[in-house]
Amino acid sequence: MLINLNTIRSLRIPRLSCPKKHDFSEAAKTDNLDLTVDYCDVFEIVKKEMAIPSKLIEHVGRRIAFSLLNSIPRIDAVKVCVTKIAPPMNGDVESVSITIEEKRTLS
């Protein structure tokens, strides 16, 4: 799944993609919403984490990754990509990005 938050223009980090790993095969066969991940839940988690002021996009990405894994049991792994548009650098730089991959740990 890919979540794009391009509409959140008021934030300093308006682009985010968040593919997550989950076996959707049974949901695809049965059309049962209970067997998949609710995209609204993912969006609300990401929105909440994006609203927290942060200096580093690495910090934002890590918070989003762990929040998704801790909040949605069906997600086994996440790959969070955060892009900062027009970063404050001494040069003409369109954007900078980070990617953080995390897996659920077995306890």
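Each value, and the rule that gives it
- Residues numbered from 1 in each chain as written.
- Predicted model: local features only at pLDDT ≥ 70, side-chain atom pairs only at ≥ 80, totals over all residues.
- Heavy atoms only, no water.
- Core = buried A, V, L, I, M, F, W, Y, C linked by side-chain atoms within 4.5 Å.
- Buried < 20%, exposed > 50% of the residue type's maximum accessible area, 1.4 Å probe, protein only.
- Helix = DSSP H or I, 4+ residues; strand = E, 2+ residues; numbered from the N terminus.
- Expected span 1.5 Å × (residues − 1).
- pLDDT = per-residue confidence, 0-100.
- Contact = heavy atoms within 4.5 Å.

Remarks on the nonpolar core
Phase 1 of the analysis: One finds Val42, Ile64, Leu68, Ile72, Ile75, Val78 and Val80 to be the most contacted residues of the largest nonpolar core, which totals 18 residues.
Phase 2 of the analysis: Here the element with the most residues in this core is helix α3 (residues 57-71); it accounts for six residues.

Here's the deal with α3
Phase 1 of the analysis: Taking 1.5 Å of rise per residue, 15 residues should cover 21 Å, and α3 covers 21 Å from first to last C-alpha, within 8% of that figure.
Phase 2 of the analysis: Along α3, the residues that are buried comprise Ile57, Val60, Gly61, Arg63, Ile64, Ala65, Ser67, Leu68 and Leu69.

Let's talk about the confidence of the model for the chain
Phase 1 of the analysis: Model confidence for the chain is summarised by a mean pLDDT of 78, while 79% of its residues fall at 70 or above.
Phase 2 of the analysis: Mean pLDDT values over the elements of the chain span from 52, in strand β1 (residues 15-17), up to 91, in α3.
Phase 3 of the analysis: Counting contacts from residues 1-15, a segment whose pLDDT is below 50, to residues more than four positions away or on other chains yields 39 contacts.

With respect to the side chain of serine 67
Phase 1 of the analysis: Here serine 67 lies in helix α3.
Phase 2 of the analysis: Here serine 67 falls in the buried class, since its relative accessible area comes to 11%.
Phase 3 of the analysis: With residues up to four places along the chain from it excluded, the contact list for serine 67 reads Ile45 and Glu49.

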